[in-house]
Amino acid sequence: MKKMCRCSRFLLVVVAAVLVWAGLSPVPAEAKKLNVVTSTTDMAALTQEVGGDKVTVEAIAKGYQDPHFVEAKPSFLLKLRNADLLVVVGLQLEIGWLPPLINQCGNARIQVGAPGYLDASQFAEILEKPTGEVTRAMGDVHPLGNPHYWLDPDNGRRIARGIAEKLSELDAGDASYFQQQLQDFEKRLATAEQKWEAEMKPYQGRKVVTYHNSFPNFARHFHLNVIGYVEPRPGIPPTPSHTIELIGLMKRENCKIILVEPYFDLKTPNSVASNTGGKVVVYLPSVGGEKQVTNYFQLFDYDIDLLTKAFQATQ
Amino acid sequence: MKNLIVGAAVLVLFAGQLAAQQSNNQAQADSTDTAALQQKIRDLEDRLIALEGQVRMLKSAQAPSAPAPGAEASAETPAQAPAPAPTPVTSVTSAGGQLPVYGGASAAAKALNPDISVIGDFIGAAGGNPSLPLATLQPFPSLQMHESEVGLQAIIDPYARGDFFISFGEEGVNLEEGFITFTALPGNFVAKVGKMRSAFGKVNTLHNHVLPWIDRPLVTTNLVGDEDGIDDAGVSVEHILPAPKGLFLDLTGQVFRGDSGDVFRASKRSDVSTVDHLRAYKDITESTNLDIGFSYARGHSADKVGSLIPLSSDFITNLYGVDATLRWKPLRRSIYHSFVARSEFIWSQRQQFPSEQRAFGFYTSAEYQLGRRWFLGGRYDRSDRAQFANLTDEGGSVLLTYWPSEFSQIRGQYRFTKYAENIDAHELLMQVIFSLGAHGAHPF
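Residues numbered from 1 in each chain as written. Chains lettered and ligands numbered in written order. Predicted model: local features only at pLDDT ≥ 70, side-chain atom pairs only at ≥ 80, totals over all residues.

Residue and element names in this part refer to chain A. Within helix α9 (residues 267-276), burial applies to Thr-268, Pro-269, Val-272, Ala-273 and Thr-276. Down the axis of α9, the sector holding all buried residues measures 135°, keeping them to one side. Exposed and facing more than 90 degrees away from the buried side of α9 are Lys-267 and Ser-274. Against α8 (240-253), β7 (257-260) and β8 (279-282) lie the buried residues of α9. Of the residues one or two after α9, Gly-277 is the one with positive phi, at around 65°. (Buried ≥ 20, exposed ≤ 12 C-beta atoms within 10 Å, placed from the backbone. Helix = DSSP H or I, 4+ residues; strand = E, 2+ residues; numbered from the N terminus. Arc of directions from axis to C-beta. Contact = placed C-beta atoms within 7 Å.)

If you want it as structure tokens, here you go:
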């Protein structure tokens with residue numbers, strides 16, 4: 001017994017020593033770069049635009065992954081524990097996976113309330129904010145508004161400004177650099193916006209159906225009309241009765257386009273399309289949804305190219 | 001005359017050109033004015049949106065009373081953004097710790113309340129399973145509101161958060177967990193103080209509603225205190241250890257009072273129990289990962305159900321565990337297909353009268369997600385009994401789970417148990433789990 005006690009005490013001492021050693025180990029001195037982690041690739045792309053080579057940016061979720069359902073893998077803790085800044089989409093998009101990561105990472109700088117935690121939704125125009133009672137009978141609704149707000153170039157510009165402000169706050173020495181980067185980004189975005197708007201102008205008012213309600217900001221900016229969803233309610237898989245209703249709606253409204261996010265199954269959309277003579281378009285809600293889409297500009301280039309071709313094909 | 005005509009023509013042309021130029025200039029000026037006005041409208045729109053954002057953040061912020069470390073300094077940094085700047089609210093409130101509030105207009109009034117959730121766990125059972133005097137596995141009644149778990153969770157202040165899980169059974173109330181987590185400690189340490197499920201293995205850390213089965217494996221029942229497991233008041237310190245790139249190494253050390261159901265018992269203050277857990281995790285590919293853990297627990301032996309001889313308080317129980325979990329979830333179709341295989345091996349070394357008992361047990365299980373709502377699983381169990389290590393129980397289960405939505409699930413389990421007494425039990429278990437309110441996500 002005594003032997004066991006000694007053994008256990010020794011183990012405790014070893015554990016304590018390892019913990020103290022680990023805690024006191026010097027963190028490798030990084031260059032001056034700010035270490036930014038973002039919840040999604042879109043926030044990473046915008047941070048990279050304004051942070052330039054003064055930041056290293058990593059996103060947790062991949063662009064082709066459903067951002068509502070990301071596994072809170074321990075490997076993400078390795079990213080978060082050394083982060084100077086965490087940029088999140090907010091509006092409860094990440095509520096199912098990000099809070100435990102923040103709690104467990106042991107990084108005081110990025111805790112909710114700390115200077116290194118940035119909720120980008122505060123800078124963006126948020127649509128579909130519920131005004132009445134919200135219950136789960138409505139599906140997996142977001143009580144604070146639709147969180148898919150980055151798909152509007154105006155919001156992209158606003159978020160970039162907010163991020164530039166935060167980067168300047170955290171690294172005051174490079175504030176002028178971040179502002180320069182921001183101005184450059186805004187200029188390029190203004191030019192690109194003109195091009196995108198010209199490309200989409202012939203299709204203003206066209207009716208579309210989306211799988212999930214992740215398209216309102218894009219639709220509003222480019223004057224498209226979303227008339228229905230493949231999901232009967234947000235987060236609820238398609239049901240036969242709803243699918244029949246949707247087919248009827250599309251026929252009545254002469255709607256031919258079904259937009260589907262890359263992480264949803266195509267079986268129901270294909271069935272709807274074959275019954276309505278429509279076309280399924282797998283659009284990208286996020287940067288990185290396809291290999292060639294590596295920044296915020298390419299995201300709109302890709303989607304607008306897909307949409308204009310689909311509209312032409314279904315004239 | 002000819003010269004006069006030419007001169008007049010030149011004059012007219014010049015005048016025309018001048019008028020055209022003036023008109024162009026006017027048009028250009030108008031166009032510049034319009035662009036400026038448009039820009040002004042955009043700027044005003046941006047300012048309005050920024051103000052809306054501030055109001056939203058203030059409404060949903062947790063409003064911590066003390067500023068976060070370094071907040072003052074960062075708030076003083078001059079804003080250098082060209083107008084219109086997004087003007088975020090100051091550091092402390094800009095964090096936007098958004099509570100999942102419901103009810104629209106009354107949201108602000110609820111903003112300071114903790115997240116409140118209730119999870120109901122209803123179990124039905126059919127088939128035969130005798131209640132054997134020396135067995136630790138207690139059969140479920142025919143119909144039972146097994147547990148109603150109330151969760152209260154909130155950020156306490158910029159340095160900590162609090163979590164309470166109160167479990168209402170049909171016959172009583174139990175504080176399953178209630179602890180404060182210090183999230184802003186120096187040196188990347190995370191500490192918890194309160195009553196908590198210990199970090200021994202995998203199953204012991206899980207609440208009933210996140211188990212992939214209706215029951216707990218035989219090895220948990222026989223060696224680690226069944227449903228309550230090692231769940232005690234104490235202190236926990238966790239730290240991510242330095243490791244080669246891509247490898248996650250995490251060490252947890254815990255000290256508890258020493259009272260954990262029928263595993264440990266403290267008869268005096270010095271009878272504390274300890275639990276240590278080393279976790280190694282690696283992403284093999286983007287879709288596949290491996291999670292391995294080593295656990296050790298030590299405490300003073302508790303009386304077991306059916307024990308006739310009181311234990312001496314000097315008797316010690318040591319538990320050793322190894323757990324392994326392999327997960328596969330293709331990211332592009334993560335909501336439709338996944339696979340999890342897990343196994344846990346536990347050794348118990350229990351001092352008791354008249355002789356020390358060395359017991360061993362394990363389970364191995366697998367679960368495959370057939371579609372968005374359907375999961376199919378199986379489990380094999382084998383375990384000695386802690387107090388009678390020569391008695392070994394064995395069993396197996398097949399499970400089918402249906403998720404109508406993220407917030408409810410219906411599960412069926414066929415369970416076969418072969419008791420050491422040479423008695424077989426065939427049971428059909430049914431479970432309905434339903435969740436109300438905002439229940440915080442559990443760690444991976």
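Anyway, onward from the coordinates.
Let's shift gears to the sheet that holds β7(A). Residue and element names in this part refer to chain A. If you walk across this open sheet you meet the four strands as β6-β5-β7-β8, and the pairing is parallel. Edge positions in the open sheet fall to β6 (225-229) and β8, since each of these has one partner strand only. For this sheet the average axis-to-axis angle between neighbouring strands, irrespective of direction, equals 35°. Strand direction decides the pairing type here: strand β5 (residues 207-210) and β7, joined by three bridges, are parallel. Residue Val-208 lies in a different strand from β7, and its bridge partner there is Ile-257. Sitting on the sheet, helix α10 (residues 296-313) touches β7 and β8, and the angle it makes with β8 is about 175°. (Pairing = 2+ DSSP bridges. Axes fitted to C-alpha atoms, helices over the stretch in contact; angles between N-to-C directions.)

The subject of this paragraph is unusual backbone geometry. Backbone torsion omega between Phe353(B) and Pro354(B) reads 5°, so that peptide bond is classified as cis. Structurally, Pro354(B) can be placed in the loop between β11 (339-350) and β12 (357-369). Phi angles above zero are rare outside glycine, and Leu91(A) is one such case at about 55°. Its place among the elements puts Leu91(A) in the loop between β3 (85-88) and α4 (98-104).

What follows deals with the nonpolar core. Inside soluble globular proteins, nonpolar side chains tend to come together where they are buried. Residues and elements named next belong to chain A. Formed by 101 residues in total, the largest nonpolar core has its most connected members in Leu-86 and Ile-258. For this core, the two domains that each supply at least three residues are domain 1 (34-129 + 138-194) and domain 2 (199-313). Residues contacting Ile-258, with those up to four places away along its chain left out, are Val-209, Val-230, Pro-269, Val-272, Ala-273, Gly-278, Val-280 and Val-281. (Core = buried A, V, L, I, M, F, W, Y, C linked by C-beta atoms within 7 Å. Domains from an automatic or database assignment.)

Bringing the pairing of strand β16 (residues 424-437) of chain B into the picture now. Residue and element names in this part refer to chain B. Of the strand pairs in this sheet, strand β1 (residues 115-128) and β16 are connected by twelve bridges, and their pairing is antiparallel. Paired with Gly-128 across the bridge in β16 is His-426. Relative to β16, strand β15 (residues 408-418) runs antiparallel, the two being bridged by eleven bridges. Paired with Gln-413 across the bridge in β16 is Leu-429. Turn length for the β15-β16 hairpin, with the two strands adjacent in sequence and antiparallel, is five residues, and the turn residue Asn-422 shows positive phi of about 70°.

To continue, consider the sheet that holds β3(A). Residues and elements named next belong to chain A. One open sheet accounts for four strands, arranged β2-β1-β3-β4; its pairing is parallel. Single-partner strands in this sheet number two, and they are β2 (55-59) and β4 (117-119). For this sheet the average axis-to-axis angle between neighbouring strands, irrespective of direction, equals 20°. Bridge analysis of β3 against β4 gives three bridges, and the strand direction is parallel. Following the sheet pairing, Val-88 is matched in β4 by Asp-119. The strands touched by helix α2 (residues 41-51) are β1 (34-38), β2 and β3; relative to β2, the strand with the most contacts, the crossing angle is about 170°.

Quoted interface sizes are often the accessible area lost when the parts come together. All names here are of chain A. Each assigned domain of chain A is listed here: domain 1 (34-129 + 138-194) and domain 2 (199-313). The C-alpha-based centres of domain 1 and domain 2 are spaced at 25 Å. Listed per partner, the contact involves 27 residues of domain 1 and 23 residues of domain 2. Of all the secondary structure elements, the ones that give two or more residues to the side of domain 1 that touches domain 2 are α2 and α5 (153-170). Broken down by element, the side of domain 1 that touches domain 2 gets its largest block of residues, five residues, from α2. Classifying every residue of the side of domain 1 that touches domain 2 by side-chain character gives ten nonpolar, nine polar and eight charged. (Nonpolar A, V, L, I, M, F, W, Y, C, P; charged D, E, K, R; others polar.)

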